[in-house]
Amino acid sequence: MQNLLKLHNIHTHIGQYHILQGIDFEAKEGEVSVLLGRNGAGKTTTLKTIMGLTPASNGSVHFFNQDITKKATYDIANLGIGYVPEDQGIFGQLTVEENLKVAIRKETPEVMEKLEYILELFPDLKKFWKKAGGNLSGGQKQMLAMARAFVNDSKLLLIDEPSKGLAPIVIEKVMEAIVEMKKQSTIVLVEQNFLMASNIGDTYTLIDDGRTVHRGAMSDLIQNEELKQKYLGIG
Ligand SMILES: Nc1ncnc2c1ncn2[C@@H]1O[C@H](COP(=O)(O)OP(=O)(O)O)[C@@H](O)[C@H]1O
Ligand SMILES: [Mg+2]
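Reading the values: the criteria
- Residues numbered from 1 in each chain as written.
- Chains lettered and ligands numbered in written order.
- Predicted model: local features only at pLDDT ≥ 70, side-chain atom pairs only at ≥ 80, totals over all residues.
- Heavy atoms only, no water.
- Patch = residues over 30% accessible without salt bridge, like charges linked within 9 Å, V, L, I, M, F, W, Y side chains within 5 Å.
- Areas by Shrake-Rupley, 256 points an atom, 1.4 Å probe, with all protein chains shown as cover.
- Salt bridge = Lys/Arg side-chain N within 4 Å of Asp/Glu carboxyl O.
- Lys, Arg positive; Asp, Glu negative; His and termini not counted.
- Charge placed at Lys NZ, Arg CZ, Asp CG, Glu CD.
- Helix = DSSP H or I, 4+ residues; strand = E, 2+ residues; numbered from the N terminus.
- 1 Å grid on protein atoms, 1.4 Å probe; cavity = no way out; pocket = protein on both sides within 12 Å on 5 of 7 lines; lining within 4 Å.
- Points joined across faces, edges and corners; volume = space filled by probe spheres on them.
- Nonpolar A, V, L, I, M, F, W, Y, C, P; charged D, E, K, R; others polar.
- Contact = heavy atoms within 4.5 Å.
- Polar contact = N/O pair within 3.5 Å; in protein donor to acceptor, adjacent residues only side chain to side chain.
- Expected span 1.5 Å × (residues − 1).
- Buried < 20%, exposed > 50% of the residue type's maximum accessible area, 1.4 Å probe, protein only.
- Arc of directions from axis to C-beta.
- Pairing = 2+ DSSP bridges.
- Axes fitted to C-alpha atoms, helices over the stretch in contact; angles between N-to-C directions.

Enquirer: Mind showing me how you'd approach a negative patch on the surface here?
Expert: Together, Glu110, Glu113, Glu116 and Glu120 give the surface a local cluster of negative charge. Examined against the element boundaries, Glu120 turns out to sit in helix H4 (residues 109-121).

Below, the structure is given as structure tokens:
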């Protein structure tokens, strides 16, 4: 499978801080690629750099072999990259319906069909169609956030810690949804919950202190107690 996304030696500064200091990362079409690493390792900044929110000061980001390193966030989104931020980014005052409708970039027949499909995938969103986003449960907010990114014709979805703060049973649902979304989009997942990451990830990239320190098949990481202990503090 072809590389949909490729980050080469990415450096990113935020203000005076040199946050990313050599990130290499690839996402192949049709796969779930997981970014792993301790708190503060640079996972969120990596996603923000892909989206042009914290642009790289060095290195390159390629999407479908196109150099998007210096593109504006709006253009990057329009190329077909959906972003589900860590704080979910939904509008608390708007209803579920409004949250979805403002997220739609272009009301093509395909997108309207996708909306139907999404409401089957996330029945709660249909059920609470007229409810304010702010009044949904944590799991429902996460579903809405993912639906907002997924509804457009996104070839690639970047999802930042979807399990954060959710109960195990809800995490299970989020996981099932991502497995379903994988049928239509390539997925880059940031996840601290190793059970979830290892269950749905095809490949892993370990980040430490703003640098890529290891990558490979998820099945290899699952068996590598040393790596898990050293960089994730588990095992
Ligand atoms: N706006 C910012 N200003 C200064 N430092 C920041 C900012 N955002 C993130 N950082 C720092 O960058 C590092 C990486 O953060 P982040 O990418 O959020 O890590 P992760 O998502 O892996 O937990 C952390 O040390 C964090 O404190
Ligand atoms: Mg983060």
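Enquirer: When you look at the layout of surface pockets in this model, what are you seeing that I'm missing?
Expert: A water-sized probe rolled over the atoms picks out the places where empty space is left. Counted as a void, the largest pocket has a volume near 410 Å³. At the level of secondary structure, the elements contributing two or more residues to the lining of the largest pocket comprise helix H2 (73-78), strand S6 (81-84), helix H3 (96-103) and helix H6 (138-150). Looking at the lining of the largest pocket, the element that brings in the most residues is H2, giving four residues. Taken together, the residues of the lining of the largest pocket sort by class into eleven nonpolar, seven polar and two charged. What the second largest pocket holds in volume is close to 270 Å³. The wall of the second largest pocket is formed by 15 residues, among which Thr108, Val111, Val151, Asn152 and Asp153 lie closest to the centre. Counting residues per element, the lining of the second largest pocket draws most heavily on H4, at four residues. Tallied by class, residues from the lining of the second largest pocket come to three nonpolar, five polar and seven charged.

Enquirer: So what exactly am I meant to see when it comes to the environment of Thr49 here?
Expert: Relative to the helices and strands, Thr49 is located in helix H1 (residues 43-50). Residues in contact with Thr49, not counting those within four places in the same chain, are Ile10, Thr12, Leu20, Thr54, Pro55 and Ala56. Here Thr12 takes part through its side chain, which lies 3.0 Å from a polar atom of the side chain of Thr49.

Enquirer: In this structure, what is going on with H4? I would like to understand it.
Expert: One full turn of an α-helix is made of 3.6 residues, so residues set three or four places apart face in the same direction. End to end, H4 covers 18 Å across 13 residues, agreeing with the expected 18 Å (1.5 Å per residue, within 8%). Along H4, the residues that are buried comprise Val111, Lys114, Leu115, Ile118 and Leu119. Along the axis of H4, the buried positions cluster into a sector of 140 degrees, meaning they face one direction only. Those residues of H4 that are exposed and angled more than 90 degrees off the buried face are Pro109, Glu110, Glu113 and Glu120. In this fold, the buried residues of H4 make contact with H3, helix H5 (123-127) and H6.

Enquirer: When you look at H6 in this model, what are you seeing that I'm missing?
Expert: For H6, which comprises 13 residues, the first-to-last C-alpha distance of 18 Å matches the rise-based estimate of 18 Å (1.5 Å per residue) to within 8%. Judged by how many residues are buried, H6 sits mostly within the fold: eleven of 13 residues are covered. Burial in H6 covers these residues: Gly139, Gln140, Gln142, Met143, Leu144, Ala145, Met146, Ala147, Arg148, Ala149 and Phe150. Lining the buried residues of H6 we find S6, H3, H4, H5, strand S7 (156-160) and helix H7 (168-181).

Enquirer: I tried to follow the sheet that holds strand S8 (residues 186-190) on my own but got confused; where do I start?
Expert: Either a parallel or an antiparallel arrangement is found when strands of a sheet pair, and the pairing is made through backbone hydrogen bonds. On the basis of which strands lie adjacent, the open sheet formed by six strands has the order S6-S7-S8-S3-S9-S10 and mixed pairing. Where the open sheet ends on each side, the last strands, each with one partner, are S6 and strand S10 (211-217). The average undirected angle you get between the axes of adjacent strands in this sheet is 15 degrees. As judged from the four bridges shared by strand S3 (residues 32-36) and S8, these two strands associate in the parallel manner. What sits directly across from Ser33, in S8, is Val188. Sitting on the sheet, helix H10 (residues 225-232) touches S3, strand S9 (203-208) and S10, and the angle it makes with S9 is about 40 degrees.

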